[in-house]
Amino acid sequence: MGLNKEQIAQRIARELRDGFYVNLGIGIPTLVANYIPQGVNVILQSENGLLGMGPFPWEGEEDPDLINAGKQTITTLPGSVFFDSAMSFGMIRAGKVDLTVLGAMEVADNGDIANWKIPGKMVKGMGGAMDLVAAAKNIIVAMQHTNPKGESKLLPKCTLPLTGVGCVKKVVSDLGVFDVTPEGFVCIEHAPGVTIEEIKAKTAGRLTIAADVKEMSF
Amino acid sequence: MNKVVAGADAAVQDIPSGATLMLGGFGLCGIPENCIAALVKKGVNNLTCISNNAGVDDFGIGLMLQQKQVKKMISSYVGENAEFERQLLSGELEVELIPQGTLATRCMASGYGMPAVFLLAGVGTEVAEGKEVREFNGKKYLLEHAFDSDFAIVKAWKGDRLGNLVFKDTARNFNPMMAMAGKITIAEVEELVEPGELDPNYIHVPGIYVHRIFQGSNYEKRIEQRTVRKRNP
């Protein structure tokens, strides 16, 4: 058994450092906010124009003018600031956001990512994903290791249209934690109960196992 | 100087079929509800709409799609609208998807008088197809042109008779840079005030960019994803 979604988020949250400005994508990445370690203060950026995103509002206190990039009602925190979309992507592009966490359909062993378009299916658009992956200093992908057919989503080369090239630094999947290096994926941790053999069998891209690979603990 | 018009109908009365419009908002947050209703009523068609999203089936730009008034959408994300999908798949509607930051910055460039900018987003992807690539400090960038729009239609929280605008919370989003980019900019506001009532230190868009302003009414402000914390009973 690999990690569930909450555990993937919990593991990614350990990458947060005090003082980070962080952009969390929709889905598993959003859950990371629930596991920010004690003593670590981070400021969440929402690309529709907010730094200092707070939790969901109390029932009855929702404000239609205050939403996040997933169009969910949210709140502010002391020190929050609003700005327009051009400034929002300006700070992203200028590399001010320390960490971006997002989901992916495929990641290649050179750090390419595909997460916006499946040919033949309705295309909804890339939203801010292309801007974020092009510019963020550090990009962690949260994803399932395989698709529902059991095929690897960690590939030698993406088959889907790309969102960005050579940008992913780390992948946290249900099976383990993988650094993206010039030598391809390096497995640095495996999920409890998941064997190295299983990880090797389910990773199509170039893979090496770190000499000091560890089992994750929760 | 008086930029105040009677209402939404008067504000959009000279928008012709075939025009290129910018429409502010992110999702359904901060959209010019009154002007969209007036455009639907007026029945203009063949419009090119530059807007981050395309509304939902029965609200926002979705209302214009229902009446088949839109020829082309230029957006970053259009996922919330079944009628949009139908028209796209049947070939009735053209769509150009561009990265959200690129969309915002192409509006901004227009309002700042810059013909084009070099942007990182989309390098090495299909977004780069047909675009000039230039290298700066060892990194590749795409040449992206400023938008050219006939009318920009935005929604602000407060505004005065001179067109100075203030936005509220995340309803700001694309509104300021679109307001700055329109050849003719129409602003609908929740509260129209007299000059002097807005603190000059806290005005987001100077009135020089705004040509018409009116106080809107009956704002519905629909919420797309109502997410809340439950109180203990």
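See the structure shown above.
Predicted model, so just to flag it, every value in this text is computed and none were measured. (Residues numbered from 1 in each chain as written. Chains lettered and ligands numbered in written order. Predicted model: local features only at pLDDT ≥ 70, side-chain atom pairs only at ≥ 80, totals over all residues. Heavy atoms only, no water.)

What follows deals with the overall build of chain A. Each helix and strand in chain A was counted, giving five helices and 13 strands. For 218 residues, the compact-globule estimate of 2.2 N^0.38 gives 17 Å, and the C-alpha radius of gyration of chain A, at 17 Å, lies within 12% of that figure. Summarising its shape, the C-alpha atoms of chain A cover approximately 50 × 40 × 30 Å along the three principal directions. Expressed as a percentage of the 218 residues in chain A, the buried residues total 57%. Only carbon and sulfur atoms are counted for the fraction: they give 54% of the accessible area of chain A, which is about 9100 Å². Of the charged side chains in chain A, 20 are positive and 24 negative; the average position of the first set lies 7 Å away from that of the second. (Helix = DSSP H or I, 4+ residues; strand = E, 2+ residues; numbered from the N terminus. Rg over C-alpha atoms; globule rule 2.2 N^0.38 Å. Buried < 20%, exposed > 50% of the residue type's maximum accessible area, 1.4 Å probe, protein only. Areas by Shrake-Rupley, 256 points an atom, 1.4 Å probe, with all protein chains shown as cover. Lys, Arg positive; Asp, Glu negative; His and termini not counted. Charge placed at Lys NZ, Arg CZ, Asp CG, Glu CD.)

This part takes up the overall build of chain B. Of the regular secondary structure elements, chain B holds six helices and eleven strands. In terms of overall size, chain B behaves like a compact globule, its C-alpha atoms giving a radius of gyration of 18 Å where 233 residues would be expected to give roughly 17 Å. Each principal axis of the C-alpha atoms in chain B carries an extent, and together these give about 55 × 50 × 40 Å. The 233 residues of chain B split such that 55% are buried. Taking contacts inside chain B between residues at least 6 apart in sequence as the whole, the part at least 24 apart equals 71%. For chain B, the computed accessible surface area is about 9800 Å², with 48% contributed by carbon and sulfur atoms. When the 25 basic and 28 acidic side-chain charges of chain B are each reduced to a single mean position, those positions are 3 Å apart. (Contact = heavy atoms within 4.5 Å.)

What follows is about the sheet that holds strand 11 (residues 176-181) of chain A. As a general point, the strands of a sheet are linked pairwise by backbone hydrogen bonds and lie either parallel or antiparallel. Residue and element names in this part refer to chain A. Taken together, ten strands build an open sheet; the order of strands is 4-3-2-1-5-8-10-11-12-13 and the sheet is mixed. Of all strands in the sheet, those with a lone pairing partner are strand 4 (76-82) and strand 13 (207-215), marking the two edges. Each neighbouring strand pair of the sheet contributes to a mean axis angle of 25°, computed without reference to strand direction. (Pairing = 2+ DSSP bridges. Axes fitted to C-alpha atoms, helices over the stretch in contact; angles between N-to-C directions.)

Moving on to the nonpolar core. Generally speaking, nonpolar side chains in soluble globular proteins are found buried as a group. Within the largest apolar cluster, 47 residues are counted, with the highest numbers of intra-cluster contacts made by A:Val141, A:Val168 and A:Val171. Ranked by residue count, the leading element in this core is strand 8 (residues 139-143) of chain A, at five residues. Not counting residues up to four positions away in its chain, the partners in contact with A:Val171 are A:Val107, A:Val141, A:Met143, A:Leu154, A:Gly176, A:Val177, A:Phe178, A:Val180 and A:Phe185. B:Ala11, B:Cys35, B:Leu47 and B:Leu97 belong to the second-largest nonpolar core, a separate cluster that totals 37 residues. (Core = buried A, V, L, I, M, F, W, Y, C linked by side-chain atoms within 4.5 Å.)

Once that is clear, we can look at helix 1 (residues 5-13) of chain A. Looking at helix 1 of chain A, one finds that the buried residues are A:Ile8, A:Ala9, A:Arg11, A:Ile12 and A:Ala13. For helix 1 of chain A, the N-terminal cap is A:Asn4; the gap from its side-chain oxygen to the backbone nitrogen of A:Glu6 is 3.1 Å. (Polar contact = N/O pair within 3.5 Å; in protein donor to acceptor, adjacent residues only side chain to side chain.)

Taken together, the 50 residues of chain B in the interface contact 47 residues of chain A. Taken over both partners, the interface formed by chain B and chain A buries close to 4300 Å², and the fraction arising from carbon and sulfur atoms is 59%. At the junction of chain B and chain A, the tally comes to seven salt bridges. In this structure, A:Lys117 and B:Glu126 form a salt bridge, with 2.5 Å as the shortest nitrogen-oxygen distance. Our count for the contact surface shared by chain B and chain A stands at 29 residue pairs in polar contact (both at pLDDT 80 or more). For the side of chain B that touches chain A, the elements supplying multiple residues, two or more each, are helix 4 (82-89), helix 5 (100-111) and helix 6 (175-181) of chain B. Per-element tally for the side of chain B that touches chain A: the top contributor is helix 5 of chain B, with six residues. Residue composition of the side of chain B that touches chain A, by class: 22 nonpolar, 15 polar and 13 charged. (Buried area = accessible area lost by both parts, 1.4 Å probe. Salt bridge = Lys/Arg side-chain N within 4 Å of Asp/Glu carboxyl O. Nonpolar A, V, L, I, M, F, W, Y, C, P; charged D, E, K, R; others polar.)

What follows covers the pattern of salt bridges. Oppositely charged side chains are able to pair whenever their charged atoms sit close together. Taken as a whole and assessed by the stated rule, the structure comprises 30 salt bridges over all chains. Ionic pairing is found between A:Glu62 and B:Arg226, a salt bridge with its closest N-O pair at 2.5 Å. One end of the pair, A:Glu62, is in the loop between strand 3 (50-53) and strand 4; the other, B:Arg226, is in the segment after strand 11 (212-215), on a second chain. With a relative accessible area of 18%, A:Glu62 lands in the buried category.

This part takes up the packing of helix 3 (residues 85-93) of chain A against helix 5 of chain B. Closest axis-to-axis distance for the helix 3 of chain A/helix 5 of chain B pair is 8 Å, and the angle between their directions is 120°. The angle between helix 3 of chain A and helix 5 of chain B falls in the class oblique. For helix 3 of chain A against helix 5 of chain B, the interelement crossing comes out left-handed. Where helix 3 of chain A abuts helix 5 of chain B, its residues A:Ser85, A:Ala86, A:Phe89 and A:Arg93 lie against B:Gln100, B:Gly101, B:Thr102, B:Ala104, B:Thr105 and B:Met108. Considered class by class, the residues forming the contact of helix 3 of chain A with helix 5 of chain B number four nonpolar, five polar and one charged. (Parallel < 35°, antiparallel > 145°, perpendicular 65-115°, else oblique. Left-handed = near helix turned anticlockwise from the far one by under 90°.)

By the definition in use, this model includes zero disulfides over all chains. The cysteine B:Cys29 is free of any disulfide, with B:Cys107 supplying the nearest cysteine sulfur at 17 Å. (Disulfide = S-S within 2.5 Å.)

A few words now on unusual backbone geometry. Residues and elements named next belong to chain B. The phi dihedral of Asn173 is positive, around 30°, even though this residue is not glycine. One can find Asn173 in the loop between strand 9 (165-166) and helix 6. With a phi angle near 45°, Lys221 is a residue other than glycine that sits in the positive phi range. Its location among the elements puts Lys221 in the segment after strand 11.

Take the environment of B:Thr102 next. Assignment of secondary structure puts B:Thr102 in helix 5. The buried category is assigned to B:Thr102, whose relative accessible area is 1%. Distance in space between the C-alpha atoms of B:Thr102 and B:Thr170 is 19 Å, their sequence separation being 68 residues. Ignoring anything within four residues of it in the chain, the contact list for B:Thr102 reads A:Arg93, A:Asp131, B:Leu119, B:Ala121 and B:Glu144.

Per the stated rule, a full pass over the model turns up two aromatic pairs over all chains. The interplanar angle of 65° and the centroid separation of 5.0 Å between the aromatic rings of B:Phe118 and B:Phe136 together place this pair among those described as edge-to-face. One end of the pair, B:Phe118, is in strand 5 (residues 116-119); the other, B:Phe136, is in strand 6 (residues 133-136), and 18 residues separate them in sequence. Looking at B:Phe118, the relative accessible area reads 28%, which means it is partly exposed. Where B:Phe136 meets B:Tyr141, the ring centres are 5.7 Å apart and the plane angle is 70°; that geometry is what we call edge-to-face. Positioned above the aromatic ring of A:Trp58 is the side chain of B:Arg229, whose terminal nitrogen or guanidinium carbon lies 4.1 Å from the ring centre. (Phe/Tyr/Trp six-rings, centres within 6.5 Å; stacked < 30°, edge-to-face > 60°. Lys NZ or Arg CZ within 6 Å of the ring centre and 35° of its normal.)

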